[in-house]
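Chain and residue survey
The residues making up each chain are set out below.
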Amino acid sequence: MKRSSIVLISAIFVLLTTSVYAQTWGPSKPVEKGFDKLAELNKYYDLLSRSPNEDISRNIFKELWQTWMIAPNEDAAERLNQAMRARGGYEFDKAIALLDGLIKDYPNFEQAFTERSYVNFLKKDYANSLTDCEKVLEFDERHLGCLSGMARILIRHQNRYKAGKSILDRAVKIHPFIFERVLYKEIPPAFL
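Residues numbered from 1 in each chain as written. Predicted model: local features only at pLDDT ≥ 70, side-chain atom pairs only at ≥ 80, totals over all residues. Heavy atoms only, no water.

**Describing the overall build of the protein chain**
Quick reminder of the rule: A run of H or I in DSSP counts as a helix once it spans at least four residues, and a run of E counts as a strand once it spans at least two, with each numbered from the N terminus. Residues count as neighbours in contact if any of their non-hydrogen atoms are within 4.5 Å of one another. Throughout, the Shrake-Rupley method with a 1.4 Å probe supplies accessible areas, and for residues the shown protein chains are the sole cover considered.
Counting its regular elements, the protein chain contains nine helices and zero strands. Listing each helix as α and each strand as β along the protein chain from the N terminus yields α-α-α-α-α-α-α-α-α. Sequence separation of at least 24 residues holds for 62% of the intrachain contacts in the protein chain that already meet a minimum separation of 6. Total accessible area on the protein chain is roughly 11,000 Å²; 56% of this is exposed by carbon and sulfur atoms.

**Looking at unusual backbone geometry**
A positive phi is found at Y90, a non-glycine position, where the angle reads about 65°. Checked against the element boundaries, Y90 lands in the loop between α4 (74-88) and α5 (92-105). Its identity is not glycine, yet K124 carries a phi of approximately 65°, on the positive side. Along the chain, the position of K124 falls in the loop between α6 (110-122) and α7 (126-139).

**Some points on the packing of aromatic side chains**
Condition: Two rings from Phe, Tyr or Trp (for Trp, the six-membered ring) form a pair when their centres sit within 6.5 Å of each other. Planes less than 30 degrees apart are called stacked, planes more than 60 degrees apart edge-to-face, and all others tilted. A 1.4 Å probe rolled over the protein chains alone gives each residue an accessible area, and that area as a share of the maximum for its type sets the label: buried under 20%, exposed over 50%, partly exposed in between.
Per the counting criterion, the structure on display carries nine aromatic pairs. Seen from their ring centres, Y90 and F92 are 5.9 Å apart, and the 70° between their planes marks the pair as edge-to-face. Judged by its relative accessible area of 41%, Y90 is partly exposed. Through pairs of rings, three or more aromatic residues link up here, namely Y45, F61, W65 and W68.

**Structural notes on α7**
It helps to recall that an α-helix has 3.6 residues per turn; residues three or four apart then point in one direction. Put simply, the rule reads: Multiply 1.5 Å by the residue count of a helix minus one, and that product is the helix's expected span.
Look at α7: 20 Å from first C-alpha to last across 14 residues, which is about the 20 Å you get at 1.5 Å a residue. Each element contacted by the buried residues of α7 is listed here: α6, α8 (144-157) and α9 (161-174).

Here it is, written out as structure tokens:
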């Protein structure tokens, strides 16, 4: 096989596997005039808690995530999208730098903290990931992205089962079909 064919096949493999492993939510869009983000979030949280099955809850969760992604304006949306593209390309330091600037300029844009938490999680910087999630929960105590992420870190990466179970219980109460409920199997019986 010619070198050019090997390079082409390798490039295709990288593109295909990157899209599988670096999935991003989004894109972020600016808030529309008159949009009540809190009312929309409340609607999706209520629907999730009453969802009859996993398929329906998965679709509701996608809508909930899109609502979290709504930015305060065009500038914040574009900057969050740039950070997500950097993260999707495994440019974690660049993503962190972009998110640091976004948070400095828009300290109440909770999704910027969520995204930075996720990038830190991917970098295995669990302390900073948890810190950002705690900040997000100050904005929205039901933020399932952070609750599930915190449960994963506490249970799977830090063996802090009691704290992890408490967080996981909160997430499952809001979203009974959340994927991270599988973490219950990783909690020793003494902590259940």
